Amino acid sequence: MEIKARDLGKDFGEKSIFRDIGFDLREGQSLAIVGPNGSGKTTLVKILCGLIRPSTGSIQYFDNGGEIDRDHIFAHIGLVGPYLELYEDLTARENIHFFVRMRDLTGVRDKVDDLLEFFKLAGREDDAVKTYSSGMRQRLKYIVALLHDPKILFLDEPTSNLDRQGIERVYQVMAEQKSNRILLIATNDQEDLKYGDEQIAVGS
Amino acid sequence: MEMNRLQLVRKAWYVFDKDIRQEYKTRYSVNAILLFAIVTLVAVSFSIGTFGASPEVKSALLWIVLFFSAMSGLAHIFVREEETHTADTLKLLAVPTSIFLGKFFFNLILFVVMEIIIVPLFFAVMNFAVEGIWTFFIILILGSLGLSAGATIIAAIISKASAKGALFTVLAFPILLPVIVAGISGTKIAVNESSISAASSEIQMLFAYSVVVITGSLLLFDFVWKD
């Protein structure tokens, strides 16, 4: 898996958020996106995920030498971010079930149980998400993002709302991801930044 | 890897199933539509009286009740995704076509359920009767198809705007007007004629409208949904 970003820029109306962002990333590499609040870190993550289009530049994804188009990149990525909410009227199990079905995953019952155990949500999976604390919601976001073993994992403010135990679990995930896949994080937390082999600054 | 049609329909079904589960738990759209429909029906029946209007006027009133009831609840299918910030989550999980089809089926089922309750009530309260029951049934089904398809794509368009409720009705009215006009005309014919062929132009019009709106929506939804 490989990502090639060239001259990415984003404008909202007449206001330019950032310009000329470019990088190459391969499996086994990680990248941290840093910048002050409002600098466009989240916008850049959304562009890289294919959720919004850039105003300038291009982004290409390659797998086994072939390019993957924008509509099909979603099968290869996992995203955890504060703006990415789950269905709060449904239970955690129903949310997970929806993700499993939409991603065409089969035989993942053990994996789901392991992830629920790992993120300390076992025993609460039949509660509606609206009864969860913000930390529990963040843990559930990690579970649904990791169900399909994403080749690229995007983490926007990866440790927000988490207690120390949750943060340690996330660091385990980040360490494993960057060892053999691609990890992108958007953060200003110094401890999180240790997991980015390289850094790019936006809005500086 | 191209997604085949079976996968597309299967994922549309998953989106539909998810929306049904959410609706079962919150009953937001069902409550909004039914309460609006019943209040409108009661208001209409009190204002014109049981025998105070011709069948032609009653035909128009039926479609007006159906249209505004639809307006009160069908937009929720996309507005809910935006307001609860789950739209991006959904974008990560399915191609736009699956999402549109799932949402359209949900709105269609919701609208048909509403009709199953409202139409018999309208017949009873307004002392309304039709000669051509099959004509009326076909007009109602095709009208539901057109209204649901039009309402679904308009709901997607307005979901990112502020003042969604007002915008939905204002945008929907001109787009859905052909359905209302053909629905009223077809119902008027059904009141007096038992033959389906008497309303053939209205049936063709409603069928063509549904095909055009569904096809157009499938082509345009990609742009509406992503940007």
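Just so it is clear, the model here is predicted, and its values are computed rather than measured.

### Examining the overall build of chain B
Okay, so step 1: When helices and strands are counted, chain B shows nine helices and zero strands.
Okay, so step 2: Its helices and strands in sequence order give chain B the pattern α-α-α-α-α-α-α-α-α, from N to C terminus.
Okay, so step 3: At 18 Å, chain B has a C-alpha radius of gyration in line with the 17 Å of a compact globule built from 227 residues.
Okay, so step 4: Along the first, second and third principal axes, the C-alpha set of chain B runs to 60 × 35 × 30 Å.
Okay, so step 5: Of all 227 residues assigned to chain B, the portion counted as buried reaches 48%.
Okay, so step 6: Long-range pairs, those at least 24 residues apart, make up 86% of the contacts in chain B with a sequence separation of at least 6.

### Things to note about the overall build of chain A
Okay, so step 1: Tallying secondary structure elements over chain A gives six helices and nine strands in all.
Okay, so step 2: In summary, chain A has a C-alpha radius of gyration of 17 Å against a globular reference of 17 Å for 204 residues, a match within 12%.
Okay, so step 3: Each of the three principal axes of chain A carries a C-alpha extent, and together these read 45 × 35 × 35 Å.
Okay, so step 4: Counting contacts in chain A only where the partners sit at least 6 residues apart, residues at least 24 apart contribute 73% of the total.

### Points about the sheet that holds strand β2 (residues 15-26) of chain A
Residue and element names in this part refer to chain A.
Okay, so step 1: The sheet built from four strands is open, its strands ordered β2-β1-β4-β5 with antiparallel pairing. Unpaired on one side and paired on the other, β2 and β5 (66-68) mark the two borders of the sheet. Going across the sheet, the axis of each strand differs from the next one's by a mean of 30°, ignoring polarity.
Okay, so step 2: Of the strand pairs in this sheet, strand β1 (residues 2-12) and β2 are connected by eight bridges, and their pairing is antiparallel. Paired with K4 across the bridge in β2 is D24.
Okay, so step 3: Relative to the sheet, helix α1 (residues 41-49) contacts β1, β2 and β4 (56-63), its axis offset from that of β1 by approximately 130°.

### Here we look at the nonpolar core
Okay, so step 1: Formed by 125 residues in total, the largest nonpolar core has its most connected members in I33(A), L48(A), I143(A), F154(A), L184(A) and A155(B).
Okay, so step 2: Looking at which element gives the most residues to this core, the answer is helix α7 (residues 133-158) of chain B, with 13 residues.
Okay, so step 3: The contacts of L184(A), once residues within four sequence positions are left out, are L31(A), I33(A), L48(A), I152(A) and F154(A).

### Overview of the sheet that holds strand β8 (residues 182-186) of chain A
All names here are of chain A.
Okay, so step 1: In spatial order, the strands read β6-β7-β8-β3-β9; together these five strands make up an open sheet with parallel pairing. Unpaired on one side and paired on the other, β6 (77-80) and β9 (198-201) mark the two borders of the sheet. Each strand axis lies, on average, 15° off the axis of its neighbour in the sheet, ignoring direction.
Okay, so step 2: Summarising the sheet, strand β7 (residues 152-156) and β8 pair through five bridges and their orientation is parallel. Note that in β8 the partner of I152 across the bridge is I182.
Okay, so step 3: Across the sheet, helix α4 (residues 134-146) touches β6 and β7, and the angle it forms with β6 is around 175°.

### Regarding the interface of chain B and chain A
Okay, so step 1: Facing 19 residues of chain B, the contacting portion of chain A comprises 20 residues.
Okay, so step 2: Secondary-structure elements contributing two or more residues to the side of chain B that touches chain A are α1 (5-26) and α5 (87-93) of chain B.
Okay, so step 3: Of the residues forming the side of chain B that touches chain A, the biggest block, seven residues, is contributed by α1(B).

### Some points on helix α3 (residues 109-118) of chain A
All names here are of chain A.
Okay, so step 1: Of the positions making up α3, those classed as buried are V112, L115 and L116. Projected down its long axis, α3 shows its buried positions confined to an angular sector of 100°, all on one face. The exposed set on the far side of α3, more than 90 degrees from its buried face, consists of D110, D113 and E117.
Okay, so step 2: Just beyond α3, the residue with positive phi is K120, at close to 60°.

### Some remarks on the packing of helix α6 (residues 96-125) of chain B against helix α9 (residues 200-226) of chain B
Residue and element names in this part refer to chain B.
Okay, so step 1: Two elements in contact, α6 and α9, have axes separated by 9 Å at closest approach and are oriented at 110°. Taken as axis vectors, α6 and α9 run roughly perpendicular relative to one another. For the pair formed by α6 and α9, the contact residues are P96, T97, I99 and F100 on the first element and S217, L218, F221, D222, W225 and K226 on the second.
Okay, so step 2: For the contact of α6 with α9, the class distribution of residues is six nonpolar, two polar and two charged.

### Points about the environment of T86(B)
Okay, so step 1: Summarising the element assignment, T86(B) is placed in the loop between α4 (76-83) and α5.
Okay, so step 2: Its 19 C-beta neighbours within 10 Å are what place T86(B) among the partly exposed residues.
Okay, so step 3: In this structure, T86(B) is in contact with E85(A), Y87(A) and E81(B), ignoring residues within four places of it in sequence.

Criteria and thresholds
- Residues numbered from 1 in each chain as written.
- Chains lettered and ligands numbered in written order.
- Predicted model: local features only at pLDDT ≥ 70, side-chain atom pairs only at ≥ 80, totals over all residues.
- Helix = DSSP H or I, 4+ residues; strand = E, 2+ residues; numbered from the N terminus.
- Rg over C-alpha atoms; globule rule 2.2 N^0.38 Å.
- Buried ≥ 20, exposed ≤ 12 C-beta atoms within 10 Å, placed from the backbone.
- Contact = placed C-beta atoms within 7 Å.
- Pairing = 2+ DSSP bridges.
- Axes fitted to C-alpha atoms, helices over the stretch in contact; angles between N-to-C directions.
- Core = buried A, V, L, I, M, F, W, Y, C linked by C-beta atoms within 7 Å.
- Arc of directions from axis to C-beta.
- Parallel < 35°, antiparallel > 145°, perpendicular 65-115°, else oblique.
- Nonpolar A, V, L, I, M, F, W, Y, C, P; charged D, E, K, R; others polar.

Interpretation in functional terms is not warranted from these geometric data alone.
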